[in-house]
Amino acid sequence: MLEYHSIQSLVDAAQEKGCTISELVLADQSVQTETPKDELFRKMQENLHVMQEAVQSGVDKDLKSTSGLTGGDAYKMQQYAQGGGLCGNFFTQALTRAIAVSEYNAAMGKIVAAPTAGSCGILPAAVLGAEEALGLAEEPCVMALFCAAGVGLVIAHNACLAGAQGGCQAECGSAAAMAAAAMVEMSGGTPEMCAHACAI
């Protein structure tokens, strides 16, 4: 069983088995939780669906938090993104998705805390953006979440994920590292490439 002491240990184990980080993590979690791999896959697939729904609901122009302080910005960004934006369509659409999930969270919508509620928009923005840009089917997107989870487990083992303990970097920095590794794997990158993306 994996102990998630370091990203390098994940890379080494994946290379030794000739598999991706996501395949390694899925197989390990199946052993550790005594749950069939296909059942774990379905549960992660549900997480992906929650992310998709949060993005779709979060771009509603009438969405507001209970306080009324947040909401509507994802809709504005979506309108801006349709024209390509200064940074191009891919990046502005990613911003739209990230803001949408964050605003949906603020409005008490259902999100996936990946790794926390405070950073809930980062991983969906990356994974769903890459899915669209690369024209991927759903399966590699679900597997990418296992890759991200492996990175998150290493961070949790060695540092912290909570903003209350480690500040914004603990939440958003962790989510960005998880998203970077996931996107590289979705793009066909090796475990070592995923590690480099995570480090950067």
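Rules and cut-offs
Note that residues are indexed from 1 along each chain, following the sequence as it is written. Totals for whole chains, interfaces and linings use all residues, but because this is a predicted model, local features are given only for residues with pLDDT of at least 70 and pairs of side-chain atoms are given and counted only at 80 or more. Side-chain numbers come from the whole structure's heavy atoms, not from hydrogens or water. Numbering of helices and strands runs from the N terminus, with a helix taken as a DSSP run of H or I at least four residues long and a strand as a DSSP run of E at least two residues long. The contact criterion used throughout is that any non-hydrogen atoms of two residues lie within 4.5 Å. Every helix has an expected span of 1.5 Å times one less than the residues it contains. Only protein chains enter the accessibility calculation, which uses a 1.4 Å probe; a residue whose area is less than 20% of its type maximum is buried, one above 50% is exposed, and one in between is partly exposed. Joining through side-chain atoms within 4.5 Å is the link that ties buried Ala, Val, Leu, Ile, Met, Phe, Trp, Tyr and Cys residues into a set, and such a set is a nonpolar core.

(A) Quick peek at the environment of Gln52. Take Gln52: it is sitting in helix H3 (residues 37–58). Linking Gln52 and Ser174, residues 122 residues apart in sequence, is a C-alpha distance of 21 Å. Those residues within four positions of Gln52 in sequence are excluded, and the remaining contacts are Leu128, Glu131 and Glu138.

(B) Here's a closer look at helix H9 (residues 168–186). With 19 residues, H9 extends 26 Å between its outermost C-alpha atoms, agreeing within 8% with the 27 Å of an ideal straight helix rising 1.5 Å per residue. Along H9, the residues that are buried comprise Ala170, Glu171, Ser174, Ala175, Ala177, Met178, Ala179, Ala181, Ala182, Glu185 and Met186. Considering only its buried residues, H9 is in contact with helix H2 (21–33), helix H6 (122–134), helix H7 (138–158), helix H8 (163–166) and helix H10 (191–199). After H9 finishes, the residue Gly188 shows a positive phi value of roughly 95 degrees.

(C) Focus on the nonpolar core. Grouped together as the largest cluster of nonpolar side chains are 51 residues, with contacts concentrated most on Leu123, Val127, Phe146 and Val151. Elements that contribute at least two residues to this core include exactly helix H1 (7–17), H2, H3, H6, H7, H9 and H10. Broken down by element, the residue count for this core peaks at 11 residues, all from H7. Excluding anything up to four places from it in sequence, Val151 contacts Ile7, Leu10, Ala177, Met178, Ala181 and Cys198.

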